[in-house]
2 protein chains.
Amino acid sequence: MNKLTAFMHTLCDAAQNETLPRFRVNTVVVNKLDQEFDPVTEGDRKAEEVIRSLINKNYPEHGIIGEEFGAENVEASHVWIIDPIDGTRAFITGIPVWGTLICLAVDGKAELGIMHQPFTGERYYSDGTNSYYLGPGVVARKRLETRGCPSLAEAMMMTTSPNIFAPEEIAAYGRVEAQVRLVRYGCDCYAYSMLAAGQIDLVIESGLNSYDIAALVPIVKDAGGIITDWQGNPVNLLHPGTHQIIAAGCEAIYNEALNLLNE
Amino acid sequence: MNKLTAFMHTLCDAAQNETLPRFRVNTVVVNKLDQEFDPVTEGDRKAEEVIRSLINKNYPEHGIIGEEFGAENVEASHVWIIDPIDGTRAFITGIPVWGTLICLAVDGKAELGIMHQPFTGERYYSDGTNSYYLGPGVVARKRLETRGCPSLAEAMMMTTSPNIFAPEEIAAYGRVEAQVRLVRYGCDCYAYSMLAAGQIDLVIESGLNSYDIAALVPIVKDAGGIITDWQGNPVNLLHPGTHQIIAAGCEAIYNEALNLLNE
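Just so we're clear, the structure is a prediction, and the values are computed from it rather than from any experiment.

Basis of the calculations
- Residue indices begin from 1 for each chain and proceed along its sequence in written order.
- Chains and ligands are labelled sequentially in the order written, the chains with letters from A and the ligands with numbers from 1.
- Two thresholds apply to this predicted model, a pLDDT of at least 70 for residue-level local features and 80 or more for giving and counting side-chain atom pairs, whereas whole-chain, interface and lining totals are computed over all residues.
- To obtain the side-chain values, all non-hydrogen atoms of the structure were included, while hydrogens and water were left out.
- Exposure is judged per residue with a 1.4 Å probe applied to protein chains only, and the accessible area is read against the type maximum: over 50% gives exposed, under 20% gives buried, and values in between give partly exposed.
- The secondary structure listing takes helices from DSSP runs of H or I that are at least 4 residues long and strands from runs of E that are at least 2 residues long, numbered from the N terminus.
- What the arc describes is the spread of directions from the helix axis to the C-beta atoms.
- A pair of strands counts as paired when DSSP detects no fewer than two bridges linking them.
- Working rule for contacts: check all heavy atoms of both residues, and any pair within 4.5 Å makes them a contact.
- Axes here mean lines fitted to C-alpha atoms, for a helix over just the part in contact, with angles spanning 0 to 180 degrees between N-to-C directions.
- Here the limits of each domain have been adopted from an automatic or database domain assignment.
- Buried area: the sum, over both parts, of the accessible surface (1.4 Å probe) that disappears when the two are put together.
- In protein, a polar contact requires one atom able to donate a hydrogen and another able to accept it; more generally it is a pair of N or O atoms within 3.5 Å, and residues adjacent in sequence count only if both atoms are side-chain atoms.
- Under this grouping Gly is polar, as are all residues other than the nonpolar Ala, Val, Leu, Ile, Met, Phe, Trp, Tyr, Cys and Pro and the charged Asp, Glu, Lys and Arg.
- Least squares is used to superpose the copies, and the fit set is the C-alpha atoms of residues whose pLDDT is at least 70 in both copies.
- By salt bridge we mean one thing: a side-chain nitrogen of Lys or Arg within 4 Å of a carboxyl oxygen of Asp or Glu.
- A crossing counts as left-handed when the near helix is turned anticlockwise from the far one by less than a right angle, and as right-handed when that turn is clockwise.

(A) Quick look at helix 8 (residues 251-261) of chain A. All names here are of chain A. Among the residues of helix 8, those classed as buried are I253, Y254, A257, L258, L260 and L261. When helix 8 is viewed along its axis, its buried side chains cluster within an angular range of 160° and face the same direction. For helix 8, exposure combined with an orientation more than 90 degrees from the buried face picks out E251 and N259.

Take a look at the structure:
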């Protein structure tokens, strides 16, 4: 997996050339859906194009699932699942908590994953065995490890927004939020990275597409965390619909939160 | 004001030595209030100590209002208003949207202000005439300018959290949130910096202390924005209680939002 991990970093380098120069400059924001405001920047599209082109050139036998340009060759054993700019709302409002997400799934299982924040220069990634951090404040890659927390009453939670939950999910989510010590909104992929880094204890989200979460699965798992859907099942990366996600730094928090979600 | 602007940057340099090494390491989090979870890190206290010590040494005739160690000599014509780590929740959860806030008020009016984010290396500041950005992506300081926006329906808004509003304020805030195109939570002082940079159009908050907002007043104003309380009055920096704040990038958005707040 070493060569593929290095390739994953190369994909991030290439994507950065398309995303970073467009961060905090006026971009054309278009509506992807009619009813909802779902901004897609030019950077999103250009970055996915360059990532796809590099994969097709270097690993023509691999499949790709991407946010902007859909799925190709997903019957392959190796499938790259990519979101060039996760957190487009953060991107267009100038907040550096968006990230480029790239996952390599092998036979449906997320093996490698990376979250790259080009403005801060941070990379949170799994090489298939361990999770690591590269970025400001470290001279060499640093092992990521989730932290233990005795109970939800002591736990720090993140979610992108209380508005991401469907009407029928709000009560379940609310039962957890009411118990935790601290909740922080507005984090997107950054939330899972902070969980892997042992900064927080719990992330609960819903309505995520496969490309929003795939890269974060091995980062959380290989840092010692737990990440499943709200029923406690492994995240089904090749499932085309949206996903309900719970990620926790330790078993105590995971069990307590999962029980509340399903009460 | 040039010498005082340079001194303000020096204060940030000194504070950084106390805050940045404590970011994303295990810190002792203590409860400042009995009922609420209000984390104060060691970095908060140490940074304020070093800022106060530099002010006392260089400008002994100036007054100081600080988050951690209260007020001294506030009858002076020149009063520094400081929050060493605004966004302590962001700080303890590892998200780089906290900032060191330093304001110099002269005869009760905020003349100079800076928001410094040490992890990203960003500085948003006013020198008393114009607002500027220093940080990644620029080789020299860059003028900050707010942007125009025709109506709330097109506007992007930020607030720290919907939970910051008192029960009697929620309806007023909700009337605005219901109108805007996009709302983003979890930004603290970063929200006002993005407003000054023309990335967003509106910030509405409540429950802010003087040291939470003072530095941001000149940054917003000198970038062309409007910042007042919810009644449309200038922010009273020396008022000891909490403040309701509205900040907008242009008059159209300000007027529309202010009217909704007071409907």
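Additional details are given in the paragraphs that follow.
(B) Layout of the sheet that holds strand 5 (residues 78-86) of chain B. Residues and elements named next belong to chain B. The strand order across the open sheet formed by eight strands is 4-3-5-6-7-8-9-10, and the pairing between neighbours is mixed. Strands at the two margins of the open sheet, each flanked by one partner only, are strand 4 (70-72) and strand 10 (142-143). Of the pairings in the sheet, the one linking strand 3 (residues 63-66) to strand 5 comprises four bridges and is parallel in character. For G63, the partnering residue across the bridge sits in strand 5 and is V79. Across the face of the sheet, helix 5 (residues 189-196) comes into contact with strand 5, strand 6 (99-106), strand 7 (109-117) and strand 8 (122-126) while running at roughly 105° to strand 7.

(C) Structural view of the domain arrangement of chain A. All names here are of chain A. According to the domain assignment, chain A consists of domain 1 (3-143) and domain 2 (152-261). Once you take the C-alpha centre of each, domain 1 and domain 2 turn out to be 20 Å apart. Contact with domain 1, which involves 34 residues of that partner, is made by 21 residues of domain 2. Taken as a group, I81, V97 and Y124 account for 25% of the area that domain 1 buries against domain 2, more than any other trio of residues on that side. Between the two partners, domain 1 and domain 2, sit six residue pairs in polar contact (both at pLDDT 80 or more). The set of elements that each furnish at least two residues to the side of domain 1 that touches domain 2 consists of strand 3 (63-66), strand 5 (78-86), strand 6 (99-106), strand 7 (109-117) and strand 8 (122-126). Here the side of domain 1 that touches domain 2 gets eight residues from one element, more than from any other, and that element is strand 7. Split by residue class, the side of domain 1 that touches domain 2 holds 17 nonpolar, eleven polar and six charged.

(D) Quick look at the relation of the copies chain B and chain A. Superposing chain B onto chain A takes a rotation of 180° combined with a translation of 0.0 Å along the rotation axis, leaving an RMSD of 0.0 Å. Taken together, the rotation and translation relating the two chain copies correspond to the operation of a two-fold axis.

(E) The environment of K109(B), seen in detail. Residue and element names in this part refer to chain B. Structurally, the position occupied by K109 is in strand 7. A relative accessible area of 47% places K109 in the partly exposed class. Distance from K109 to D127, taken between C-alpha atoms, is 14 Å for residues 18 residues apart in sequence. Apart from residues no more than four positions distant in its own chain, K109 is found in contact with L104 and L237.

(F) Geometry of the interface of chain B and chain A. In this assembly, 37 residues from chain B lie in contact with 37 residues from chain A. Carbon and sulfur atoms make up 60% of the area that chain B and chain A hide from each other, which totals about 3000 Å². Inspection of the chain B/chain A interface yields four salt bridges. Of the charged contacts, one joins D188(A) and R184(B) as a salt bridge, the two residues approaching to 3.2 Å between their closest N and O atoms. Going through the elements one at a time, helix 3 (88-93), strand 8, strand 11 (156-159), strand 12 (182-185) and helix 5 of chain B are the ones with two or more residues in the side of chain B that touches chain A. At five residues, the largest contribution of residues to the side of chain B that touches chain A is made by helix 3 of chain B. Classifying every residue of the side of chain B that touches chain A by side-chain character gives 22 nonpolar, eight polar and seven charged.

(G) Expanded view of unusual backbone geometry. Residue and element names in this part refer to chain B. The phi dihedral of N73 is positive, around 55°, even though this residue is not glycine. In this structure, N73 sits in the loop between strand 4 and strand 5. At D188, a position not held by glycine, the phi torsion is positive, near 50°. Tracing the backbone through its elements, the reader meets D188 in the loop between strand 12 and helix 5.

(H) Region of the structure containing the packing of helix 1 (residues 2-19) of chain B against helix 2 (residues 42-58) of chain B. Residues and elements named next belong to chain B. With their axes 8 Å apart at the nearest point, helix 1 and helix 2 run at an angle of 150° to one another. As for the relative orientation of helix 1 and helix 2, their crossing is right-handed in sense. Of the residues in helix 2, those touching helix 1 at F7, L11, A14, A15, E18 and T19 are G43, K46, A47, V50, I51, L54, I55 and N58. Residue classes in the contact of helix 1 with helix 2 are distributed as nine nonpolar, three polar and two charged.

(I) Focus on the side chain of H78(B). Residues and elements named next belong to chain B. Its place among the elements puts H78 in strand 5. H78 gets classed as buried once you look at its relative accessible area, which sits at 19%. Residues in contact with H78, not counting those within four places in the same chain, are L4, H62, G63, L104, A105 and V106.

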